[in-house]
Amino acid sequence: MKYDFNSIEKKWQDYWAKNQTFKATNISDKPKYYVLDMFPYPSGAGLHVGHPLGYIASDIYARYKRHKGFNVLHPQGYDSFGLPAEQYAIQTGQHPAVTTEANIKTYRRQLDQIGFSFDWSREVRTSNPEYYKWTQWIFIQLFESWYNNDSNKAEHIDTLIEAFTSEGNKNINAVCDDNIELFSAEDWANYSSEEQQDILLKYRLTYLAETEVNWCPALGTVLANDEIVNGVSERGSHPVVRKKMTQWSMRISAYAERLLQGLDTIDWTDSLKESQKNWIGKSVGASVSFNVLPNVTLSEVEESLKIDVFTTRPDTIFGVSFMTLAPEHELVSQITTAAQKAEVEAYIEATAKRSERDRMADVKTISGAFTGAYAEHPFSKEPIPIWIGDYVLAGYGTGAVMSVPCGDQRDYDFAKHFNIPIPNIFEGVDISKEAFASKDNVKIANSDFLNGMNYKKASKRAIYDLEQLGQGEGKTNYRLRDAVFSRQRYWGEPFPVYYVNGMPQMIDAEHLPIKLPEVEKYLPTETGEPPLGRADVWAWDVNQNSVVSNDLIDHKTVFPLELNTMPGWAGSSWYFFRYMEDAANRDGVFASEDALNYWENVDLYIGGSEHATGHLLYSRFWVKLLKDRGFVNVEEPFKKLINQGMILGTSAFVYRDESNNTYYSKGLVGDKNVLPIHVKVQYVNASDELDIEGLKSDGEFGEDFKDAEFILEDGAYKVGRDVEKMSKSKYNVVNPDDIVADYGADSLRLYEMFLGPLEQYKPWNTAGITGVHNFLKKFWKLYIGDNGLKVNNAQPTADNLKTLHKTIKKVEEDIENFSFNTSVSTFMIAVNELTSQKCTSKDVLEPLLVLISPYAPHIAEELWSQLGNANSISTASFPIFDASHLVESSKKYPISFNGKMRFTLELPMDMSKDEIEKTVMAHEKTIAQLDGRTPKKVIVVPGKIVNIVG
RNA sequence: GCUGAAGUGGUGGAAUUGGUAGACACGUUGGACUUAAAAUCCAAUGUCCCUUGGGACGUACGGGUUCAAGUCCCGUCUUCAGUACCA
């Protein structure tokens, strides 16, 4: 009987589906284990072989954990809101829901044929109203929360209102907007409802505010910082400009410290933690307030102007020789003197014209302008000139710096360029060539009361003295900015928000979901409003509590609804909780308390590293909020996280003569002027030979090559090869459907793992798959011969047991270490050994099936059932390693001379050190090697090695 | 620039606490079977020297520690990823 993978795989996939083999239960005596993949966005192109890599790894782990006696939750779903479907809708007019549905069908078919042990009964789709109902619900919770720095957690907004009512805001220590004025309980009581709402917005964890956003004109939407790569949009590489807009924002900055601290509690890779640390960007220092000195152009009122700066080096305060403001700084226009006005304005105009990208690309050119104004040094009371310069960013800190040229290279360069003095405040340090930026091993000098102190001491003292003056305090700053949460798009979650007199109001949770309205076109309106502005039925009736026609808007009982939608990360920031609930019980809360308590959080999360600062940070943020508000019990969503590496394509090239239609085989190119041209990789075999006939009859490109002449070498046309990212344009995309059809899902699974370490980037080359495919055939033949089943009840030999148990040990270690590639080799070695041992013993071959079943589940199930087992192999226990089978009576010792291995010698394991030395020294080969010399030293490590020195 | 990861045959990669470098595959070469091809099986395959026994060199490069280094230490180079005037 042949190994008929196609029918075997179909058979068991049907069996699993019919018997719901992998359906997880929320009630179990077994310990729980939650294995999750980052869910895919269902794109129109379908899967290529790179996509399932992480899914295969997590599936192996999930199946392994089941064998190990765990109740495993291993779900899958779709991140089904997103830009590509909408762009396609704009082009074709097709509703994104329709194309998304079709794409999901393709994904599901492709995933199913790889044999994953997903519990599909718990599938989620972020674009389903039953799902986004709860995304909207979470949004409302954010709106109804504020961050209390005293309790160090988010609380319901009612506790804030209570405080305002009883004592105003003087004792409130909250994360909020900067520009909040003090008010009393009486003030609060006298504020109008709108004024109160306006104040509360400055405290809410999601708030509506006019902020400077990253506007992408080509996409017609704003983008979050993590959606911009090198100054252009991550999707499509379109330019991005700064623009002021009223937008929903998430006060993620409230959680900066907890997001940072939490990293120590989770098992993620260092590089990932490092990315998040950098993104959060904590820096400890001081805020210092400089008084602006009055000058002739300033009026009375303006005399009390202050410039606040943030510095990490309060110890260098006496090194300040100028101040620099960002050109956008709000005080610039007020402090600039009449004499400097023209110059300053010209400079501001020039910098405004430069795009973000230009500014980033060109960091070497030093530019700036003097405002003519001076600030007063808090201690020396000396006047300090105030400059503006675009090396100071408006978006970080206060948008102003105290410039200490002797201690900061940028300040140094600026001072040199504009001939500003560079006072030296470091003892015995030469600053004639560059600034001295180190904090270590240096003492402060020329600094009044700070003289002789080191960084730590001087900083503390400077902060203390600033506090005495009321001109500063210790401060910690974070780079992490609040996240813009509005998108001017159609295909996303609508906000549960309507507007009364311009103030946002939440729709009661009981009326959710607010479903996406129908629109004629998916483009912004002629007046520049988002696509939802085209909806005719998009108003909220507060009496009926339903969405009604816009015609009914009267601003009394019917109000306009929010026109923006939520960003892509909204739905993905909590989906891991949704899976915890049985699909049948999902109508209550977003997941029941029992389910949340049982599954807690994700034990193992596998996905791409591109989500390091987006999804993985936002999810942590939302989970912390949900915990603070008592909806979940965990502080972190993902205990252990692994980034799978990308699978790259192996592109193939033909070499076309530059002057005619002749193609030279790779070895014949030499110095000829040729043009390398990508060809589809499916026309290339394992020996890099081109299937010329296949290429010529290709539906897409056949015409181009029809009349071409191919110059062969050794009877074949050899292509050139190069490793590149798998992409349609490089014709190196390999579809898993083809691999499954030709070699089977088990071969695909094994090969993806066999390619190399999970985390590494590695090229795919279909040619190599014959290796694992042949292995599976050989594996099959170990069980099934020409006359059917070969397995019998023969007593296993010592060799059989040794092979089995060393395989158990190695495979178990490998899976625990996520080293799946080495397991595949181990299986190959085991099968090679058992084949040559002619092993037919069921006691050996049956446990071997369990070992391999996480990797190649179909063939394992088939052989398992052929051995007479009625239940799925997934119910079997993992074999138990017994070290007694590996005990060796002898060891083949490598005998080295001066560290170089010369020969091996088999000696009993129980031989003593002295006896080993004696036996080795007496050996004829040793005598020959020494050639009469007397060794200086003989190293004997029993069980390991013998090394003779001399 | 900074941070992180990595550099081993023609290729993917292995070597878990320093102890036989190159496991396991792909490819290549030769052979068996076949009219032939495919499939399958067997053998060889780091480089160089050499008649065989064998020898020299070899894990990016240069040093070092050690009886012994791919592995540890110091320095350099290269590649990839993230980040980028963060005060």
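Please read all numbers here as calculations on a predicted model, not as lab measurements. (Residues numbered from 1 in each chain as written. Chains lettered and ligands numbered in written order. Predicted model: local features only at pLDDT ≥ 70, side-chain atom pairs only at ≥ 80, totals over all residues.)

Asker: If you had to explain the overall build of chain A to someone new, which residues and values would you point to?
Answerer: Secondary structure assignment for chain A yields 30 helices and 37 strands. Overall, chain A is about 105 × 85 × 75 Å in size when its C-alpha atoms are taken along their principal axes. Burial analysis of chain A (950 residues in total) assigns 39% to the buried set. Considering only contacts in chain A between residues 6 or more positions apart, those separated by 24 or more positions represent 70%. (Helix = DSSP H or I, 4+ residues; strand = E, 2+ residues; numbered from the N terminus. Buried ≥ 20, exposed ≤ 12 C-beta atoms within 10 Å, placed from the backbone. Contact = placed C-beta atoms within 7 Å.)

Asker: I'd like to hear about the environment of Pro879, residue by residue, with values.
Answerer: Its place among the elements puts Pro879 in the loop between helix 28 (857-866) and strand 34 (890-897). By C-beta crowding, Pro879 is classed as buried, having 20 other C-beta atoms within 10 Å.

Asker: Got a sec to walk through helix 14 (residues 409-418)? Specific residues and values, please.
Answerer: Among the residues of helix 14, Asp411, Tyr412, Phe414 and Ala415 are the ones counted as buried. Buried positions in helix 14, seen along its axis, are confined to an arc of 165 degrees and lie on one side of it. As for helix 14, its buried residues are in contact with strand 13 (322-325), strand 14 (368-376), strand 15 (383-389) and strand 16 (400-403). Immediately downstream of helix 14, the backbone of Asn419 shows phi near 55 degrees, a positive value. (Arc of directions from axis to C-beta.)

Asker: Talk me through helix 1 (residues 5-19); I want residue IDs and the actual numbers.
Answerer: With 15 residues, helix 1 extends 21 Å from end C-alpha to end C-alpha; this agrees with the ideal 21 Å at 1.5 Å per step. Among all positions in helix 1, only Phe5, Glu9, Trp12 and Trp16 are buried. Seen end-on, helix 1 carries its buried residues on one side only, within an arc spanning 75 degrees. More than 90 degrees from the buried face of helix 1, the exposed residues found are Ser7, Asp14, Ala17 and Lys18. (Expected span 1.5 Å × (residues − 1).)

Asker: Tell me about the sheet that holds strand 18 (residues 483-484), residues and numbers included.
Answerer: Ordered by their spatial adjacency, four strands build an open sheet running 7-6-10-18, and the pairing between neighbours is antiparallel. Across the chains shown, the open sheet's two edge strands, defined by having one partner strand only, are strand 7 (221-223) and strand 18. Relative to strand 18, strand 10 (residues 241-250) is paired through two bridges, and the arrangement is antiparallel. Each bridged residue has a counterpart across the sheet, and for Ser249 the counterpart in strand 18 is Val484. (Pairing = 2+ DSSP bridges.)

Asker: Which residues make up the environment of Leu208, and what are the values?
Answerer: Looking at the secondary structure, you find Leu208 in strand 6 (residues 206-216). A tally of 22 C-beta atoms within 10 Å means that Leu208 is categorised as buried. Spatially, the C-alpha atoms of Leu208 and Phe22 are 44 Å apart, while their sequence positions differ by 186 residues. Ignoring any residue separated from it by four or fewer positions in sequence, one finds Leu208 in contact with Leu201, Thr246, Trp248 and Pro504.

Asker: Break down the sheet that holds strand 1 (residues 32-37) for me, citing the residues and quoting the values.
Answerer: One open sheet holds the four strands; their spatial order is 2-1-24-25, and the pairing between them is parallel. Two strands lie at the open edges of the sheet, namely strand 2 (71-73) and strand 25 (638-643), each paired on one side alone. Pairwise comparison of adjacent strand axes, ignoring direction, gives a mean angle of 20 degrees for this sheet. Strand direction decides the pairing type here: strand 1 and strand 2, joined by three bridges, are parallel. Within strand 2, the residue paired with Tyr34 across the bridge is Leu73. Lying on the sheet, helix 2 (residues 52-67) is in contact with strand 1, strand 2 and strand 24 (602-607); it crosses strand 1 at an angle near 170 degrees. (Axes fitted to C-alpha atoms, helices over the stretch in contact; angles between N-to-C directions.)

Asker: Outline the domain arrangement of chain A, supporting the account with residue identities and numerical values.
Answerer: When cut into domains, chain A gives domain 1 (29-125 + 568-643), domain 2 (139-277 + 483-560), domain 3 (282-477), domain 4 (647-722), domain 5 (745-882) and domain 6 (888-949). Residue-level contacts link six residues of domain 4 with six residues of domain 5. Of the residues in the side of domain 4 that touches domain 5, the class split is three nonpolar, three polar and no charged. (Domains from an automatic or database assignment. Nonpolar A, V, L, I, M, F, W, Y, C, P; charged D, E, K, R; others polar.)

Asker: Could you give an account of the packing of helix 22 (residues 736-743) against helix 23 (residues 745-754), naming the residues involved and the relevant values?
Answerer: Following both chains from N to C, one finds helix 22 and helix 23 inclined at 120 degrees, their axes separated by 7 Å at the closest point. Residues Pro736, Ile739, Val740 and Tyr743 of helix 22 pack against Ala745, Ser747 and Leu748 of helix 23. In the contact of helix 22 with helix 23, the residues fall into six nonpolar, one polar and no charged.

Asker: Break down the UniProt feature "domain: Aminoacyl-tRNA synthetase class Ia" (unreviewed entry) in chain A for me, citing the residues and quoting the values.
Answerer: In this numbering, the UniProt entry assigns the feature "domain: Aminoacyl-tRNA synthetase class Ia" (unreviewed entry) to residues 724-751. When the span residues 724-751 is considered, its composition is 54% helix and 7% strand, and the gap between its end C-alpha atoms is 19 Å. (UniProt positions renumbered as here; feature names shortened; annotations may be inferred.)

Asker: So what's going on with the environment of Glu635? Which residues, and what values?
Answerer: Looking at where Glu635 falls in the secondary structure, it is placed in the loop between helix 19 (615-628) and strand 25. We classify Glu635 as partly exposed; it has 16 C-beta atoms within 10 Å. Residue contacts for Glu635: discarding those within four places in its chain leaves Gly262, Lys624 and Lys627.

Asker: Describe unusual backbone geometry, with residues and values.
Answerer: Most of the time, phi is negative for any residue but glycine, and the peptide bond is trans. Following Leu512, the chain continues to Pro513 via a peptide bond in cis, the omega torsion being 0 degrees. Its location among the elements puts Pro513 in the loop between strand 20 (503-506) and strand 21 (539-541). Within the chain, Asn152 stands out as a residue other than glycine whose phi angle is a positive 55 degrees. On the secondary structure map, Asn152 appears in the loop between strand 3 (145-148) and strand 4 (153-156).

Asker: Give me the packing of helix 23 against helix 26 (residues 820-836): which residues, what numbers.
Answerer: Between helix 23 and helix 26, the shortest axis-to-axis distance is 7 Å and the interhelical angle comes to 120 degrees. The angle between helix 23 and helix 26 falls in the class oblique. Contact with helix 23, carried on its side by Leu750, Met753 and Phe754, involves Phe820, Asn821 and Val824 of helix 26 and no other residues of that element. Residue composition of the contact of helix 23 with helix 26, grouped by class: five nonpolar, one polar and no charged. (Parallel < 35°, antiparallel > 145°, perpendicular 65-115°, else oblique.)

Asker: An account of the confidence of the model for chain A is needed here, citing residue identities and associated values.
Answerer: Residues with a pLDDT of 70 or more make up 97% of chain A, whose mean pLDDT is 90. Averaged pLDDT values for the elements of chain A fall to 59 in helix 13 (residues 356-361) and rise to 97 in strand 2. Across the predicted assembly, pTM comes out at 0.92 and ipTM at 0.93. (pLDDT = per-residue confidence, 0-100.)

Asker: Pulling in residues and values, what's your account of the pairing of strand 15?
Answerer: A large share of strand 15 lies buried, amounting to five of its seven residues. Where strand 14 meets strand 15, six bridges bridge the pair, whose relative direction is antiparallel. Within strand 15, the position partnered with Phe370 by the bridge is Trp387. Counted between consecutive antiparallel strands, the loop separating strand 14 from strand 15 contains six residues, among which Lys381 sits at a positive phi close to 60 degrees.

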